[in-house]
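Here's the letter readout for the chains.
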Amino acid sequence: MSGFTTFLKRRKSVIFYFLFGGITTALNVLIYLLFYDILQVSNVVSNIIAWFIAKVAVAFFTNKFFVFESKAASKKGVVGEFFSFMGCRVATGLLDLGIMFVAVDCLKQNGLIWKVIVNILVIILNFVTGKWIVFRKKK
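Residues numbered from 1 in each chain as written. Predicted model: local features only at pLDDT ≥ 70, side-chain atom pairs only at ≥ 80, totals over all residues. Heavy atoms only, no water.

Trainee: Give a detailed account of the overall build of the protein chain, specifying residues and quantitative values.
Mentor: If you tally the helices and strands in the protein chain, you get 5 helices and 0 strands. Going from the N terminus to the C terminus, the protein chain shows its helices and strands as α-α-α-α-α. Summarising its shape, the C-alpha atoms of the protein chain cover approximately 50 × 40 × 20 Å along the three principal directions. Counting only residues that meet the buried cut, the protein chain has 37% of its 139 residues in that class. (Helix = DSSP H or I, 4+ residues; strand = E, 2+ residues; numbered from the N terminus. Buried < 20%, exposed > 50% of the residue type's maximum accessible area, 1.4 Å probe, protein only.)

Trainee: An account of the side chain of Lys-64 is requested, with residue identities and associated values reported.
Mentor: For Lys-64, the location among the structural elements is in helix H3 (residues 43-67). A distance of 2.9 Å separates the side chain of Lys-64 from the backbone oxygen of Ala-72, its partner in a polar contact. If near-sequence neighbours (up to four positions away) are discounted, Lys-64 is found in contact with Glu-69, Ser-70, Ala-72, Val-78, Glu-81 and Phe-135. (Polar contact = N/O pair within 3.5 Å; in protein donor to acceptor, adjacent residues only side chain to side chain. Contact = heavy atoms within 4.5 Å.)

Trainee: Break down the packing of H3 against helix H4 (residues 75-106) for me, citing the residues and quoting the values.
Mentor: Their axes nearest at 10 Å, the elements H3 and H4 cross at an angle of 150°. Classified by the interaxial angle, the pair formed by H3 and H4 is roughly antiparallel. As for the relative orientation of H3 and H4, their crossing is right-handed in sense. Tallied by class, the residues present in the contact of H3 with H4 amount to 15 nonpolar, 4 polar and 6 charged. (Axes fitted to C-alpha atoms, helices over the stretch in contact; angles between N-to-C directions. Parallel < 35°, antiparallel > 145°, perpendicular 65-115°, else oblique. Left-handed = near helix turned anticlockwise from the far one by under 90°. Nonpolar A, V, L, I, M, F, W, Y, C, P; charged D, E, K, R; others polar.)

Without other data, these values stay purely geometric and don't point to any function.
This is the structure:
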């Protein structure tokens, strides 16, 4: 059992990232579907709303406190992390938006299928930027 416990401790950030990433991805898709399919809001606006709620607001707190266990507690440290997080999320959000625009609006492909595909790419990129840029351990 100790080998398994050691494995879990070493992989905790990855396990938590994919757990919370799955939750934020599901939330992202559900919000997108609510606005795009049910409320008939445009694809781009629906995507932006879903991205901001799930991939920015919810993800910042889950990443800070559970995934990367950031110890930054001062107002300056937390604000710095948030703006760094926002910068990285804006970059992956623009990638998400661009792919969704081309796939759904230009190529007339299925929005749900492309939302899932794009989320896989974005999850990977967001983990890398979170670990190596936003919440990196200060020496």
